[in-house]
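Close look at the chain arrangement
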Protein chains: 2
Amino acid sequence: MAESEFQLRFGIIGCARIARKLARAMSLTPNATLYAVGSRSLAKAEEFAALVGLSGAVKTYGSYDQVLDDPCVDAVYLPLPTSLHVHWAVVAASKKKHLLLEKPTALDAAELDRILEACRSNGVQFMDGSMWLHHPRTRKMKDLLSDERVFGQINYVYSTSTMTVNPEFLQNNIRVKPDLDALGALGDLGWYCIGAILWAKNYELPTAVEALPDTTKNPAGVILSCTATFHWGISSNTSSAATIHFSFLSHTSMDLAISGSNATIHANDFIIPYEEGSAGFELSCGAKFAELHIGWNMEPKVVRVECELPQEALMVQEFARIAQGIRTYGHQPDGKWPEISRKTQLVLDAVKKSIDLGFKPVQL
Amino acid sequence: MAESEFQLRFGIIGCARIARKLARAMSLTPNATLYAVGSRSLAKAEEFAALVGLSGAVKTYGSYDQVLDDPCVDAVYLPLPTSLHVHWAVVAASKKKHLLLEKPTALDAAELDRILEACRSNGVQFMDGSMWLHHPRTRKMKDLLSDERVFGQINYVYSTSTMTVNPEFLQNNIRVKPDLDALGALGDLGWYCIGAILWAKNYELPTAVEALPDTTKNPAGVILSCTATFHWGISSNTSSAATIHFSFLSHTSMDLAISGSNATIHANDFIIPYEEGSAGFELSCGAKFAELHIGWNMEPKVVRVECELPQEALMVQEFARIAQGIRTYGHQPDGKWPEISRKTQLVLDAVKKSIDLGFKPVQL
């Protein structure tokens, strides 16, 4: 099959709101298509198909199993509540479906390892749904960070992920329910902060992680808000640190600031860019104070990066490209994506452990 | 004396580079004037007078004592190395000179208390040299922070103060010498971060402070770089946190980010604005994600604040205004400024103690 003709046929199991974003992404991506949608009821699946403008053009099923049993489904996008991930992800992999799994990937790394082992032993690709990693801005920032002459050593990274929610969300949303998304804000928002820190540090795991006692939980024990710190090394030559803050209790923010010996980068919309067509970040390099320190010699430079497809479509495209490589050319699955997810989950586990231990440092 | 005619006559003791900035500020400020300069040698004092364009127009002395003994000197600006502060500040106060003391105010709060007691018992005004507190942008941000309908509860504050320095600085600058500025980057840069956090939190002292093991010292034991965390309260209703990072080892930055339940504020030049004439900050309020979370409903608003005088001139002006109130109208010294300095120094001491204890939490 010619590369230009390949289309990865997706099944979506679970009609979460975010699945509509992914359905749109699949429609925008040349090498992927939405083939089937499964929900716990057929009516819900049909409602979803109508919502995304695909009534009659997409198969609808009244169960997840039917999607996974459809031999025409090549890959599954799985946006179910986190507590259901391990079961359905393992079933999907065992049915030889490539797996695009919404974050947080699992309740802990042990669960994720079961998922990853199922993908490995069945030869299917695994990727989590961290869309921002696929934005060309992210690559542009990484190019600058990797150029030691520009950036120097990365000494400090800071990230937030906070989201304005209404009282109804705090009462009823899946993400604050201990039986559905027990990781709460840590899983939903902290995942991004942790991912950003690891991304900036080239996925070098921190030496230790420590949550702060400002952590807030709801009466059911689900984390609503937290600050945590990371550090790497303790020798004067290699030490560095990072801080993260994630919360359902603060106004929407998604800050990423990276401080190097020669430059700094700031992006305050790193998870979801303000607009789809392009995204920016501020680069400051060579800044000094003016004579008498009454100003600076320059303001940060705004670097804008065009984006032909939305970042979620680029994610789907990359996932489909790898899947095609496996099917058409016999390639091995790409180990990079499971490794990124696993390290993110490991650090997430450590933050949770620190909270559970009463805000003690947790070594990694 | 009419208010418009009053001029506070400053003596400067010590010809540090920053004193040139203050000399300029005094020349720009209607109610203050630079009257005398003292250095350890008369030649140095004369060189300084020439540098600031006041040869022959300012008294020059070859000792600090001569400045303090001059009955025409109303107030002293003291930019000496920190280890010399307590001695000369106490002498200045005992000679009834109002005291504008460069930061960090002292090596620890015990020393600062001796200075403050000397000012109190001699009826003179004390203020530290934190210029940014006097910028109208700072007041504009505070107005927004204080309006609970706009900002809601302040949940998280983040601040950095990092500065590109050259290898010569790291070898020879006063600020890395244990006998001169033993607090190193903590005193020079961390002072601002701590001050910003306290300012944002209305000077409510944190419950606990903890430094991170990324702390770097030079071979003489002077702090070059550090990350530290603060938190307030442990109940779910009032808990909040802050993180700071200060360093001589990273590219210049001065970030202040404040996260509230209803809004966020960002300023990345909060200590020294990029330019003198005006300064900006980003306010985000009411931001939500667009349908399908493919963007935001708005970008942050840039709020610009004009500044008729440089912030250091506004500081001098405010200091002179208070001094005039004391002299002309018999007012008491303004207790707000010593309190701000003392709380900043207390938290600074706690960060240092946490480092000294091996990065343990320190209660306040």
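Values in this document were obtained by computation on a predicted structure and should not be read as measured data.

When chain A is fitted onto chain B, the two copies agree to an RMSD of 0.0 Å after a turn of 180 degrees and an axial shift of 0.0 Å. The relationship between the two copies is best expressed as a two-fold rotation axis. Closest to the rotation axis within chain A is the C-alpha of Thr 243 of chain A, separated from it by 3.6 Å. Most of the interface of chain A is mirrored in chain B, where 100% of its interface residues are also at the interface.

This next bit is on the UniProt feature "domain: Gfo/Idh/MocA-like oxidoreductase N-terminal" (unreviewed entry) in chain A. This chain's UniProt record puts "domain: Gfo/Idh/MocA-like oxidoreductase N-terminal" (unreviewed entry) on residues 8-127 of chain A. Taken end to end, residues 8-127 of chain A comprises 43% helix and 22% strand; its first and last C-alpha atoms sit 15 Å apart.

Going through the model one piece at a time under the given rule, you end up with 19 aromatic pairs over all chains. When the ring of Tyr 64 of chain B is compared with that of Trp 88 of chain B, the centres are 5.1 Å apart and the planes differ by 90 degrees; the resulting orientation is edge-to-face. A residue pair is termed long-range when its members are at least 10 positions apart, and Tyr 64 of chain B in helix 3 (residues 64-69) and Trp 88 of chain B in helix 4 (residues 85-94) qualify at 24 residues. Here Tyr 64 of chain B matches Trp 88 of chain B in class, with each residue buried. Here a set of aromatic residues connected by ring pairs shows up, and it is made of Tyr 156 and Tyr 158 of chain A together with Tyr 156 and Tyr 158 of chain B. Over the ring of Trp 199 of chain A we find Lys 142 of chain A; its NZ or CZ atom is 5.0 Å from the centre of that ring. Taking NZ or CZ as reference, Lys 201 of chain A lies 4.8 Å from the ring centre of Trp 232 of chain A, over its face.

Residue and element names in this part refer to chain A. Taken together, 6 strands build an open sheet; the order of strands is 3-2-1-4-5-6 and the sheet is parallel. Looking along the sheet, the strands with just one partner apiece sit at the ends: strand 3 (59-61) and strand 6 (126-128). With strand direction ignored, the average angle separating the axes of adjacent strands in the sheet is 25 degrees. Note that strand 1 (residues 8-13) and strand 2 (residues 32-38) share 6 bridges and pair parallel. The residue of strand 2 that forms the bridge with Leu 8 is Ala 32.

Moving on, we come to the sheet that holds strand 1 (residues 8-13) of chain B. Residue and element names in this part refer to chain B. Pairing is parallel in the open sheet, where 6 strands are placed in the order 3-2-1-4-5-6. The sheet terminates laterally at strand 3 (59-61) and strand 6 (126-128), the two strands that pair on one side only. Averaged over neighbouring strand pairs, the angle between their axes works out to 25 degrees when direction is ignored. Packing against the sheet, helix 2 (residues 42-51) makes contact with strand 1, strand 2 (32-38) and strand 3, and its axis sits at approximately 150 degrees to strand 3.

Cut-offs and rules
Residues numbered from 1 in each chain as written. Chains lettered and ligands numbered in written order. Predicted model: local features only at pLDDT ≥ 70, side-chain atom pairs only at ≥ 80, totals over all residues. Heavy atoms only, no water. Least-squares fit on C-alpha atoms with pLDDT ≥ 70 in both. Contact = heavy atoms within 4.5 Å. UniProt positions renumbered as here; feature names shortened; annotations may be inferred. Helix = DSSP H or I, 4+ residues; strand = E, 2+ residues; numbered from the N terminus. Phe/Tyr/Trp six-rings, centres within 6.5 Å; stacked < 30°, edge-to-face > 60°. Buried < 20%, exposed > 50% of the residue type's maximum accessible area, 1.4 Å probe, protein only. Lys NZ or Arg CZ within 6 Å of the ring centre and 35° of its normal. Pairing = 2+ DSSP bridges. Axes fitted to C-alpha atoms, helices over the stretch in contact; angles between N-to-C directions.

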